[in-house]
Amino acid sequence: MTQVTERGTPLQEGPRHAARRRSPAAAACVLGGAVAAGLGLGFLAVLVIVLWISSPYPDSGPGGALHLAAGLWLMAHGTQLVRYETLSGVPAPVGLVPLLLVALPVLLMRRAARLGSASGDAAGAEGDEVLPAGAVFSAVTCGYLTVGAFATVYAAGGPMPADPLSAAWHVPLVAVLAAAGGVWAAKGKPLGPLPDWVPGGVRRAVVRPRYALALRSGAAGVLVLLGGGALLVGISLAWHGAEVQNSFLALTGVWSGRFAVLLLAVALIPNAMVWGAAYGLGPGFALGAGAVATPLGLEGAAALPRFPLLAALPAPGPGTPLTWAALALPVAAGLTVGWFAVRRARDVSCGETALTAALGAVVCGLGMAGLAAASAGPLGSRVLAGVGPVWWTVGAAAAGWTLVLAVPLAVGVQVWRTRPVRSAGGGVEDAWHDPGVRELRWEALRRAAEPLVAPAAEAPPAAPPAAPPVVVAPVAAAPPVVVAPVEPVPVPVVPVVVVPAEPVLPAGVVGARVLARRRPAP
């Protein structure tokens, strides 16, 4: 130690410098996550404060409005709120989340993760150590969840506090998924190999094109169902236009109250789309204890409050041919899944196509089950304990409809695309015009024609110039000897053309005829 001190030998400080280089980028990511959460809270707080100021009869002061804004922010993550001020005195849970409200924290968190990844890359360009994707994800999520914990504690003193257990897993779930999507998008949306801890069989199975087609076809089926659900909701709103208008005007006579009702109705439009899709699939959706709306009719008495979207429900009683027409929606979804499950490759078997369509149906069922679970929830403790579609029935119906329709259609399309062309005469298979044989014929003809084209004959080397005659001086009176140069004899070059005995054709090619397609006899 004395020698080191006297000689002034510097100690190694590499890790400390590396930590200092990495800390600014990590701190910026943590701050970005906190800012994303603060922006969401601020937006809802401003909206609630504006409605509170414009209300002629506010129930509480600005503190109560801010507590309510914190509760709404937690509700945007799927957290269940609890309403204690009820007529029966029993606390009533409020878990029906407007799905459009979920877009606010998701977009803000995704943007924070993308900006954090971009700042890490910029730091690497300046010479500092690049922050890895995992560190960016962890830092942004940590900052966001810190603000979420404070918001949960703050909302506990409001009129509608959040359920702590519900907030403990809903807020982290939304934050993790949104942050992962943002980091993945910032890195260029890579589709590389899975990590090493994943079993080898799973890694090899995932890279097969079957699963990509199944995901694409299942997503197409979900989009068709959602679009059909939106169409059903729009038709029902137009059909019951008078009832919807009366319900909207009867709720409140103040413009601020009507504006709040309008905002809530717009936020619930995605929920209505999912409910419409569940209605078309057959299981329908629950309107309280003992009331279910299906294409076959509305059973029971709906115990729902007056609301514009609920005024568009069909009348109680058995269904009509107009409501039965909603069953065309799952038919369209099944045909869509089957069409998108067909590969354009010619060497795909019918079994592979059927398996891809079946997997697409499973993906469609899982997607609809998740959307149905997210769009439903309780509005009370007794009769309104379950409002909306039942997730497992909707998922099973979506998977069943699409499986029954998609597999036969996919196999039929695959057989049609790979069908052999029949001759115009007697209906016998013409192997010369089978799909894919034309490409094989052209490839065989190209390979066979290569030896027919002889390479250009190289010109013979130029003869050296003739040397002048050499005169040898006479010796002992001998006559002079003149040695003339030897002229080169030109050798004619004959081009050799190599003609193959018979071109070798690949298997499955009938002949090597260079003919056009056979036209049917007039």
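One can find the structure itself at the top, above this paragraph.
A. The arrangement of a nonpolar patch on the surface in detail. A contiguous nonpolar surface patch, about 660 Å² in accessible area, is contributed by Leu-100, Trp-255, Phe-259, Leu-262, Leu-263, Val-266 and Ile-269. Among the elements that make up the nonpolar patch, the one with the highest residue count is helix H10 (residues 255–267) (5 residues). Here Ile-269 is to be found in helix H11 (residues 269–281).

B. Up close: the packing of helix H3 (residues 62–75) against helix H5 (residues 133–155). It is the contact of H3 with H5, at a shortest axis distance of 9 Å, that shows an interaxial angle of 130°. By the angle class used here, H3 and H5 are oblique. Remark: the crossing between H3 and H5 carries left-handed chirality. Across the interface between the two elements, Gly-63, Leu-66, His-67, Ala-70, Gly-71, Trp-73 and Leu-74 from H3 touch Tyr-144, Gly-148, Ala-151, Thr-152, Tyr-154 and Ala-155 from H5. Classifying every residue of the contact of H3 with H5 by side-chain character gives 8 nonpolar, 5 polar and no charged.

C. Summary view of the pattern of salt bridges. One pass over the structure, following the stated rule, counts 1 salt bridge. Among the ionic pairs, Glu-352 bridges to Arg-210, the shortest N-O distance being 2.9 Å. Placement of Glu-352 in helix H14 (residues 350–375) and of Arg-210 in helix H8 (residues 209–239) is noted, with a sequence separation of 142 residues between them. Using a relative accessible area of 19% as the deciding quantity, one classes Glu-352 as buried. Exposure remark for Arg-210: the relative accessible area of 12% places this residue in the buried category.

D. Structural detail: the side chain of Thr-402. Tracing the backbone shows Thr-402 in helix H15 (residues 391–417). Exposure remark for Thr-402: the relative accessible area of 1% places this residue in the buried category. Among all residues touching Thr-402, those that are not within four sequence positions of it are Ala-333, Gly-334, Val-337, Ala-361, Cys-364 and Val-407.

E. Summary view of the packing of H10 against H11. For the pair H10 and H11, interaxial distance at closest approach is 4 Å and the crossing angle is 45°. Accordingly, the angle class assigned to the pair H10 and H11 is oblique. Taking contact as the criterion, the partners of Ala-265, Val-266 and Ala-267 in H10 are, on H11, Ile-269, Pro-270 and Asn-271.

F. Summary view of the environment of Val-244. Within the fold, Val-244 resides in helix H9 (residues 241–251). Sequence separation between Val-244 and Leu-310 is 66 residues, and the spatial gap between their C-alpha atoms is 8.1 Å. Residue contacts for Val-244: discarding those within four places in its chain leaves Leu-237, Pro-308, Ala-311 and Ala-312.

G. Broad picture of H15. Helix length check: H15, at 27 residues, gives a terminal C-alpha distance of 37 Å against a target of 39 Å (1.5 Å per residue), a fit within 8%. Where H15 bends most, at Leu-403, the angle is about 30°. Of all the residues in H15, the buried ones are Val-394, Gly-395, Ala-397, Ala-398, Thr-402, Ala-406, Ala-410, Val-413 and Gln-414. Against H8, H11, helix H13 (328–340) and H14 lie the buried residues of H15.

H. Structural detail: the sheet that holds strand S3 (residues 285–287). In spatial order, the strands read S6-S5-S4-S3-S7; together these 5 strands make up an open sheet with antiparallel pairing. Edge positions in the sheet fall to strand S6 (317–318) and strand S7 (387–388), since each of these pairs with one other strand and no more. For S3 and strand S4 (residues 292–294), the ladder comprises 2 bridges, and the chain directions are antiparallel. Of the residues in S4, the one forming a bridge with Phe-285 is Ala-293. The strands touched by H11 within the sheet are S3, S4 and S7, with S3 carrying the most contacts at an inclination of about 115°.

The rules behind the values
Residues numbered from 1 in each chain as written. Predicted model: local features only at pLDDT ≥ 70, side-chain atom pairs only at ≥ 80, totals over all residues. Heavy atoms only, no water. Patch = residues over 30% accessible without salt bridge, like charges linked within 9 Å, V, L, I, M, F, W, Y side chains within 5 Å. Areas by Shrake-Rupley, 256 points an atom, 1.4 Å probe, with all protein chains shown as cover. Salt bridge = Lys/Arg side-chain N within 4 Å of Asp/Glu carboxyl O. Helix = DSSP H or I, 4+ residues; strand = E, 2+ residues; numbered from the N terminus. Axes fitted to C-alpha atoms, helices over the stretch in contact; angles between N-to-C directions. Parallel < 35°, antiparallel > 145°, perpendicular 65-115°, else oblique. Left-handed = near helix turned anticlockwise from the far one by under 90°. Contact = heavy atoms within 4.5 Å. Nonpolar A, V, L, I, M, F, W, Y, C, P; charged D, E, K, R; others polar. Buried < 20%, exposed > 50% of the residue type's maximum accessible area, 1.4 Å probe, protein only. Expected span 1.5 Å × (residues − 1). Bend = angle between axes of the 7 residues up to and from the residue. Pairing = 2+ DSSP bridges.

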